[in-house]
Amino acid sequence: MLTAITRHVSPAIDRCELTHLERNPINLGRARLQHRAYEHALRDLGVKVYSLPEEPNLPDSVFVEDTAVVLDECAVITRPGAESRLPEVESIAQALAPHRQLFSILAPGTLDGGDVLKVGRMIYVGLSGRSNQAAIIQMRAFLNPFGYTIKSIRVSGCLHLKSAVTQVSIDTLLVNPAWVEAGNFPGLNIIEIDPSESYAANALLVGENVLYQPVYPRSLERLEALGIHPVLVDESELGKAEGALTCCALLFNN
Ligand code: CIR
């Protein structure tokens, strides 16, 4: 059975970190409604959702993905690359401790879970503004013993690796080639997003289902043409905080 850890949207979301977007007012009520619909969509797919209480002083804390990498064998608690986000990890480590053996990224390593894409036993880690080589070395030490291979990948133009590429089936990736080279993923099928929809590469694979945002209709057409029919969930209000679908949940087998 799949479990998801999520967290309520912080009332401080308006003070979120922003790297590639201009600051635009975020409607808290709308963000919360959309986030609840996202949690419902997960439950409808049979996922057990643990929704953590809001963190009034941690603006970006709804984006739980960045705080941990959860695998079947263990979990790695990250050390987020934005200083304002460092305190987010404590409550996530507490929530994960009953489920997994925990490792922690230590300074000078920095890692955001949004930079970590696992496909089978391969773990791709984005070298972005948030995640560095020191963290990748620590990831190798933690995860090689479990049979995982860690490959670092340069990303440019976007916040995280998973802004540029996500998995949409066991052997298929959805890619924005402007931000990451598809040649980094040999042996996998590649679907390119429509170039007019820069943020469209972030889909959330939930078992054999895919969550996707209706705000990318052209890229959605490309998925559907190849037989992938996502469940549509709109998290566009959190998009103003540079968040997307994968960022809002930590998904793992239980
Ligand atoms: C940040 O800049 O850290 C947040 N405003 C957005 C984080 C989104 N997380 C993700 O894509 N994994």
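Here the structure is a predicted model, which means the values were calculated and not measured.

What counts, and where the lines are drawn
Residues numbered from 1 in each chain as written. Predicted model: local features only at pLDDT ≥ 70, side-chain atom pairs only at ≥ 80, totals over all residues. Heavy atoms only, no water. Pairing = 2+ DSSP bridges. Helix = DSSP H or I, 4+ residues; strand = E, 2+ residues; numbered from the N terminus. Axes fitted to C-alpha atoms, helices over the stretch in contact; angles between N-to-C directions. Contact = heavy atoms within 4.5 Å. pLDDT = per-residue confidence, 0-100. Near = heavy atom within 4 Å. Polar contact = N/O pair within 3.5 Å; in protein donor to acceptor, adjacent residues only side chain to side chain. Areas by Shrake-Rupley, 256 points an atom, 1.4 Å probe, with all protein chains shown as cover. Nonpolar A, V, L, I, M, F, W, Y, C, P; charged D, E, K, R; others polar. Buried < 20%, exposed > 50% of the residue type's maximum accessible area, 1.4 Å probe, protein only.

**Let's talk about the sheet that holds strand S4 (residues 75-77)**
Part 1 of the reasoning: Spatial strand order, S3-S4-S5: three strands in an open sheet with mixed pairing. Because the sheet does not close on itself, it has two edges, and the strands there are strand S3 (68-70) and strand S5 (102-104). Across this sheet, the average inter-strand angle for adjacent strands is 20°, counted without regard to direction.
Part 2 of the reasoning: Strand direction decides the pairing type here: S3 and S4, joined by three bridges, are antiparallel. Along S4, the bridge assignment pairs Val69 with Val76.
Part 3 of the reasoning: Its contacts with the sheet put helix H2 (residues 89-96) on S3, S4 and S5, and the angle it makes with S4 is roughly 160°.

**Examining the sheet that holds strand S15 (residues 250-253)**
One key point about sheets: their strands pair by backbone hydrogen bonds, in either a parallel or an antiparallel sense.
Part 1 of the reasoning: Pairing is mixed across the open sheet formed by three strands, whose spatial order is S2-S1-S15. Since the sheet does not close on itself, it has two edges, and those belong to strand S2 (48-52) and S15, each with one partner. With strand direction ignored, the average angle separating the axes of adjacent strands in the sheet is 20°.
Part 2 of the reasoning: Taken together, the five bridges between strand S1 (residues 2-7) and S2 define a ladder with parallel strand orientation. Paired with Ala4 across the bridge in S2 is Val49.
Part 3 of the reasoning: Against the sheet, H2 touches S1, S2 and S15, its axis set at about 155° to S1.

**As for the confidence of the model for the protein chain**
Part 1 of the reasoning: Chain-level statistics for the protein chain give a pLDDT mean of 98 and a share of 100% at 70 or above.
Part 2 of the reasoning: No element of the protein chain has a lower mean pLDDT than strand S8 (residues 149-154), at 97, and none a higher one than S4, at 99.

**Some words on unusual backbone geometry**
Trans peptide bonds make up most of the peptide bonds, and negative phi angles are found at most residues other than glycine.
Part 1 of the reasoning: Here the bond from Ala107 into Pro108 is cis, since omega is 10°, no more than 30 degrees from zero.
Part 2 of the reasoning: Within the element layout of this structure, Pro108 appears in the loop between S5 and strand S6 (116-119).
Part 3 of the reasoning: The backbone of Glu242 shows a phi angle near 65°, a positive value even though the residue is not glycine.
Part 4 of the reasoning: Mapped onto the elements of the fold, Glu242 is located in the loop between helix H6 (236-239) and S15.

**Re the site of the ligand**
Part 1 of the reasoning: Taken together, 14 residues sit near the ligand, with Asp60, Glu65, Asp66, Arg130 and Ala241 positioned nearest.
Part 2 of the reasoning: One of the side-chain nitrogen or oxygen atoms of Asp60 is found 2.8 Å away from a nitrogen atom of the ligand.
Part 3 of the reasoning: Glu65 is positioned such that a nitrogen or oxygen atom in its side chain is 2.7 Å from a nitrogen atom of the ligand.
Part 4 of the reasoning: Surface burial for the ligand is 97%, taken as the share of its 350 Å² of free accessible area covered by protein chains.
Part 5 of the reasoning: When grouped by side-chain class, the residues that make up the shell around the ligand number four nonpolar, three polar and seven charged.

**Some words on the environment of Arg85**
Part 1 of the reasoning: Counting through the fold element by element, Arg85 comes out in the loop between S4 and H2.
Part 2 of the reasoning: For Arg85 and Leu71, which are 14 residues apart along the polypeptide, the C-alpha to C-alpha distance reads 22 Å.
Part 3 of the reasoning: Sequence-distant contacts of Arg85, defined by excluding residues within four places in its chain, comprise Glu17, Asp60, Phe63, Asp66, Pro80 and Arg130.

**As for the environment of Pro186**
Part 1 of the reasoning: Along the polypeptide, Pro186 turns up in the loop between strand S10 (172-175) and strand S11 (189-192).
Part 2 of the reasoning: Judged by its relative accessible area of 63%, Pro186 is exposed.
Part 3 of the reasoning: Separated by 91 residues in the primary sequence, Pro186 and Ala95 place their C-alpha atoms 35 Å from one another.

**Digging into the pairing of S6**
Part 1 of the reasoning: With four bridges joining them, S6 and strand S7 (residues 122-127) adopt antiparallel strand pairing. Bridge pairing links Leu117 to Tyr124 in S7.
Part 2 of the reasoning: Hairpin connection of S6 to S7: two residues between the antiparallel strands, including Gly120 at a positive phi of 60°.

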